[in-house]
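Now for the letters of each chain:
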Amino acid sequence: MPPRMVENLHSLAGSLGREIGTTEWFSVTQERIQQFAETTEDRQWIHIDSERAQRDSPYGTTIAHGFLTLALLSHFLRQAIQIGSGVRMSLNYGLNRVRFPSPVLAGSRIRAHFTLLALKDISGGVDATFSVVINCENSEKPCCVAEWVIRYYS
């Protein structure tokens, strides 16, 4: 589904308290998990050793790093919303809260749901706080729940 188009930063206020969008499904392959492990130097067996994970893990397969799921937030936000004009630069300002209630099994597909929680005027721009819920296909629990602050400069 196409991203929600918002004319400018001021019109973003019309989305306060509402779901902004849901992204397309995204495949989390073992290859992507392996690349993330190499990039972050986090080579724990639960992520990269399929044979051991099949034998010793309660999930029966390897799982994605929680931080890999979190790192996909920027990719997902671009799918959920586009601001037409007035944004000179945007920055990841940080996270107020993050939880990983369920694992992302290798080969799963995930997608994100964004809700705009708050807008705060700052010098030269706006801080937008989003609730992000990432779901894994065929799982009852979300795999990531976060409150994310993006700083938009005009």
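Cut-offs used in this document
Residues numbered from 1 in each chain as written. Predicted model: local features only at pLDDT ≥ 70, side-chain atom pairs only at ≥ 80, totals over all residues. Heavy atoms only, no water. Helix = DSSP H or I, 4+ residues; strand = E, 2+ residues; numbered from the N terminus. Buried < 20%, exposed > 50% of the residue type's maximum accessible area, 1.4 Å probe, protein only. Contact = heavy atoms within 4.5 Å. Areas by Shrake-Rupley, 256 points an atom, 1.4 Å probe, with all protein chains shown as cover. Lys, Arg positive; Asp, Glu negative; His and termini not counted. Charge placed at Lys NZ, Arg CZ, Asp CG, Glu CD. Salt bridge = Lys/Arg side-chain N within 4 Å of Asp/Glu carboxyl O. Phe/Tyr/Trp six-rings, centres within 6.5 Å; stacked < 30°, edge-to-face > 60°. Lys NZ or Arg CZ within 6 Å of the ring centre and 35° of its normal. Arc of directions from axis to C-beta. Polar contact = N/O pair within 3.5 Å; in protein donor to acceptor, adjacent residues only side chain to side chain.

Points about the overall build of the protein chain
At step 1: What the protein chain contains, in helices and strands, is five helices and eight strands.
At step 2: Ordering the α and β elements of the protein chain from the N terminus gives β-β-β-α-α-α-α-α-β-β-β-β-β.
At step 3: Expressed along its principal axes, the backbone C-alpha trace of the protein chain runs to roughly 55 × 30 × 25 Å.
At step 4: Across the 154 residues that make up the protein chain, the buried fraction comes to 40%.
At step 5: In the protein chain, 71% of the contacts between residues at least 6 apart in sequence involve partners at least 24 apart.
At step 6: For the protein chain, the exposed area adds up to about 8,500 Å²; of that, 48% sits on carbon and sulfur atoms.
At step 7: The average position of the 15 basic charges and that of the 15 acidic charges among the side chains of the protein chain differ by 5 Å.

Looking at the pattern of salt bridges
At step 1: Under the defined criterion, the tally for this structure stands at six salt bridges.
At step 2: Taking the shortest distance from any N to any O, the salt bridge between Asp56 and Arg52 comes out at 3.3 Å. One end of the pair is Asp56 and the other is Arg52, both in helix 3 (residues 50-56) and four residues apart, which spans about a single turn.
At step 3: You can call Arg52 partly exposed: its relative accessible area is 31%.
At step 4: Its relative accessible area of 41% is what places Asp56 among the partly exposed residues.
At step 5: In the salt-bridge network here, residues are joined through shared partners; they are Glu38, Glu41 and Arg43.

Digging into the packing of aromatic side chains
At step 1: Applying the stated criterion across every chain, the model contains three aromatic pairs.
At step 2: Judged by centre distance (6.0 Å) and plane angle (80°), the rings of Phe26 and Phe76 are edge-to-face. Placement of Phe26 in strand 3 (residues 26-28) and of Phe76 in helix 5 (residues 73-80) is noted, with a sequence separation of 50 residues between them. Of the two residues, Phe26 and Phe76, both sit in the buried class.
At step 3: Note on Phe114 and Phe130: the rings are 6.2 Å apart at their centroids and 90° apart in plane angle, and the pair reads as edge-to-face. Of this pair, Phe114 sits in strand 6 (residues 108-122) while Phe130 sits in strand 7 (residues 125-136), and the two are 16 residues apart along the sequence. Neither residue differs from the other here; Phe114 and Phe130 are each classed as buried.
At step 4: Just above the ring of Tyr93 sits the side chain of Arg151; from NZ or CZ to the centre is 3.8 Å.

As for helix 1 (residues 30-40)
At step 1: For helix 1, every residue scored as buried is listed here: Ile33, Phe36 and Ala37. Down the axis, helix 1 shows its buried residues gathered within 100° of arc, on one side only. Turned more than 90 degrees away from the buried face of helix 1, the exposed residues are Glu31 and Thr39.
At step 2: Its buried side turned inward, helix 1 meets strand 3, helix 2 (45-48) and helix 4 (66-71).
At step 3: Following helix 1 by one or two positions, Glu41 has its phi on the positive side, about 65°.

Looking at the side chain of Asp127
At step 1: Looking at the element boundaries, Asp127 is found in strand 7.
At step 2: Here Asp127 falls in the buried class, since its relative accessible area comes to 7%.
At step 3: A distance of 2.6 Å separates a polar atom in the side chain of Asp127 from a polar atom in the side chain of Arg151.
At step 4: Once you skip the residues sitting within four places of it in the chain, Asp127 turns out to touch Tyr93, Ala118, Leu119, Lys120, Ile122, Val149, Ile150 and Arg151.

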